[in-house]
Amino acid sequence: MPQASSISVLVVDDQLTMRALIRNALQQIGFKDIREAPDGEEALKNLLAKPANLVISDFNMPKMDGLALLRAVRSHPPIRQTAFVMLTGRADRELVQRAVQFGVNNYCVKPFTVQGLRDKIEQVFGQLT
Amino acid sequence: MIGRDYSHDDELRATKVHVTQGESHVSTDPNVVMTTVLGSCIAACIRDPQAGVGGMNHFLLPDAGDGRGGSGGDAVRYGAYAMELLINGLLKKGARRERLEAKIFGGGKLFDSLSDVGASNAAFAERFLRDEGIPIVSSSVGGVSARRVEFWPVTGRVRQRLVAVDNAPQEVRRPAPIPQPASNAGDLELF
């Protein structure tokens, strides 16, 4: 069983409040290595400079949205294996289907609970300790 | 973007869009006026004056959110999502984040009780907007009355009337149950 504390995470969201809430939820689950980026462009730079094990990304963002970030991650060999969880709104069914085509590992519908986010991450990594 | 209740008001010479709890609506139409009635709920009216786009949401935190964005509670996540829906709707219609300005209303304490849910809701909205760098150019929160609010999204004009609790609509005196955070119902099955 993987340890949450050994998994590095990059949180990508253009709203500071939402990044703080996601970080807080991840900390409650046990994650310790958590970085943040305000949009897809910054996230890609961040990942290329220092890869992460998991990206949790919003969809609607300026400059580069979540779907474009996912495609960019999957097209850069050094980081293409990064686990990618997309945060979506309830009405974004079409988005989820496109994200699946581009290789998303899972998605989480906002507003989420800590347990809901944990479940989604565990579906990718297995049960976390 | 949700806004199901449309009607035409001859007196206002405008199309009225009633925004109820859990909804948000965005418009670039100068003939639209958004209306809502608030008790302890909050309505944020946010617009980009330069782009001529504005919108209103109407939400109630599921429990006593304490206004601390970093507390990580379900209530705060729900509120942040309600604000995000409105802001994303504005950005999609041409608004720029750095030009957004807000007016907030509601957060009243309509009944005697130990907890002041309205104050928690108002504190959340103020904290959220401050953290996101969106200036609050006007607000009317707290007090012991319900509020009828009309918002013209293009000009930013607002008209507010205070309503005694006994005269407030039933949905204000007894707010609708809060939608629960996302369950797996209706999800696409990836695993």
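The name recorded for chain B in an unreviewed UniProt entry is Probable chemoreceptor glutamine deamidase CheD, from Caulobacter radicis. Word for word, the UniProt comment on chain B under Sequence similarities (unreviewed entry) is "Belongs to the CheD family." Quoted verbatim from the Function (unreviewed entry) field of the UniProt record, the comment on chain B reads "Probably deamidates glutamine residues to glutamate on methyl-accepting chemotaxis receptors (MCPs), playing an important role in chemotaxis."

Under the annotation held in an unreviewed UniProt entry, chain A carries the name Response regulatory domain-containing protein and is attributed to Caulobacter radicis.

Draft legend 1. Seen up close, the overall build of chain A. Across its full length, chain A carries five helices and five strands. Its helices and strands taken in sequence order, chain A reads β-α-β-α-β-α-β-α-β-α from the N to the C terminus. For 129 residues, the compact-globule formula gives about 14 Å, and the C-alpha radius of gyration of chain A, at 13 Å, lands near that figure. Over its C-alpha atoms, taken along the principal directions, chain A stretches across nearly 35 × 35 × 25 Å. Put simply, chain A has 129 residues, and 45% of those count as buried. Partitioning the contacts of chain A with sequence separation of at least 6, the portion at a separation of at least 24 is 61%.

Draft legend 2. Geometry of the UniProt feature "modified residue: 4-aspartylphosphate" (unreviewed entry) in chain A. Summarizing the sequence annotation, UniProt attributes the feature "modified residue: 4-aspartylphosphate" (unreviewed entry) to Asp58(A) in the numbering used throughout. Excluding its chain neighbours within four sequence positions, the residues that come into contact with Asp58(A) are Val12(A), Asp13(A), Asp14(A), Met18(A), Gly66(A) and Leu87(A).

Draft legend 3. Summary view of the sheet that holds strand S5 (residues 42–48) of chain B. Residue and element names in this part refer to chain B. Here five strands make up an open sheet; going across it, the order is S3-S6-S5-S7-S8 and the pairing mixed. Taken across any chain shown, the strands that pair with only one partner, and hence form the sheet edges, are strand S3 (24–27) and strand S8 (136–141). With direction set aside, neighbouring strand axes in the sheet form an average angle of 10°. Bridge analysis of S5 against strand S7 (residues 101–106) gives six bridges, and the strand direction is antiparallel. Bridge pairing in S7 places arginine 47 opposite glutamate 101. Sitting on the sheet, helix H1 (residues 74–92) touches S3, S5 and strand S6 (53–57), and the angle it makes with S6 is about 160°.

Draft legend 4. How the structure looks around unusual backbone geometry. All names here are of chain A. In this model, lysine 110 is joined to proline 111 through a cis peptide bond whose omega is -5°. Structurally, proline 111 is set in the loop between strand S5 (106–109) and helix H5 (114–125). Its identity is not glycine, yet lysine 63 carries a phi of approximately 65°, on the positive side. When you line up the elements, lysine 63 lands in the loop between strand S3 (54–58) and helix H3 (66–75).

Draft legend 5. Region of interest: the sheet that holds strand S2 (residues 34–37) of chain A. Residues and elements named next belong to chain A. In spatial order, the strands read S2-S1-S3-S4-S5; together these five strands make up an open sheet with parallel pairing. For this open sheet the edge positions go to S2 and S5, each flanked by a neighbour on one side alone. The mean inter-strand angle of the sheet, taken between neighbouring strand axes irrespective of direction, is 20°. Of the strand pairs in this sheet, strand S1 (residues 9–12) and S3 are connected by four bridges, and their pairing is parallel. Among the inter-strand pairings, valine 11 is bridged to a residue of S3, identified as isoleucine 56. Sitting on the sheet, helix H2 (residues 40–49) touches S1, S2 and S3, and the angle it makes with S1 is about 165°.

Draft legend 6. Looking closely at the environment of Gly22(B). All names here are of chain B. Along the chain, the position of glycine 22 falls in the loop between strand S2 (14–18) and S3. With 19 C-beta atoms counted inside 10 Å, the residue glycine 22 sits in the partly exposed group. Distance in space between the C-alpha atoms of glycine 22 and arginine 127 is 20 Å, their sequence separation being 105 residues.

Draft legend 7. Broad picture of the pairing of S7(B). All names here are of chain B. Burial runs high along S7: five of the six residues are buried. Here S7 pairs with S8 via five bridges, running parallel. The residue bridging glycine 106 from the neighbouring strand is valine 141, located in S8.

Draft legend 8. Structural context of helix H2 (residues 117–131) of chain B. The terminal C-alpha atoms of H2(B) lie 21 Å apart, and with 15 residues this matches the ideal 21 Å at 1.5 Å per residue to within 8%. Where H2(B) is concerned, the buried positions are Val117(B), Gly118(B), Ser120(B), Asn121(B), Ala122(B), Phe124(B), Ala125(B), Phe128(B) and Leu129(B). Next to the buried residues of H2(B) lie helix H1 (16–29) of chain A together with S5, H1, S7 and S8 of chain B. Of the residues trailing H2(B), Gly133(B) is marked for its positive phi of about 75°.

Draft legend 9. Inspection of the nonpolar core at higher detail. Core analysis: the largest hydrophobic core is formed by 86 residues, its most contacted members being Val9(A), Leu10(A), Val55(A), Met86(A), Ala43(B), Ala44(B) and Leu90(B). With 12 residues, H1(B) is the single largest residue contributor to this core. Residues in contact with Ala43(B), not counting those within four places in the same chain, are Val19(B), Thr36(B), Leu38(B), Met56(B), Asn57(B), His58(B), Phe105(B), Gly106(B) and Val149(B).

Draft legend 10. Representation of the packing of H1(A) against H1(B) in the model. Two numbers describe how H1(A) lies on H1(B): the axes approach to 10 Å, and their chain directions differ by 150°. Taken together, the axes of H1(A) and H1(B) are roughly antiparallel relative to one another. For the element pair H1(A) and H1(B), the recorded crossing hand is left-handed. Touching Thr17(A), Met18(A) and Leu21(A) of H1(A) are Val76(B), Arg77(B), Ala80(B) and Glu84(B), all from H1(B). Taken together, the residues that form the contact of H1(A) with H1(B) break down as four nonpolar, one polar and two charged.

Conventions used here
Residues numbered from 1 in each chain as written. Chains lettered and ligands numbered in written order. Predicted model: local features only at pLDDT ≥ 70, side-chain atom pairs only at ≥ 80, totals over all residues. UniProt positions renumbered as here; feature names shortened; annotations may be inferred. Helix = DSSP H or I, 4+ residues; strand = E, 2+ residues; numbered from the N terminus. Rg over C-alpha atoms; globule rule 2.2 N^0.38 Å. Buried ≥ 20, exposed ≤ 12 C-beta atoms within 10 Å, placed from the backbone. Contact = placed C-beta atoms within 7 Å. Pairing = 2+ DSSP bridges. Axes fitted to C-alpha atoms, helices over the stretch in contact; angles between N-to-C directions. Expected span 1.5 Å × (residues − 1). Core = buried A, V, L, I, M, F, W, Y, C linked by C-beta atoms within 7 Å. Parallel < 35°, antiparallel > 145°, perpendicular 65-115°, else oblique. Left-handed = near helix turned anticlockwise from the far one by under 90°. Nonpolar A, V, L, I, M, F, W, Y, C, P; charged D, E, K, R; others polar.

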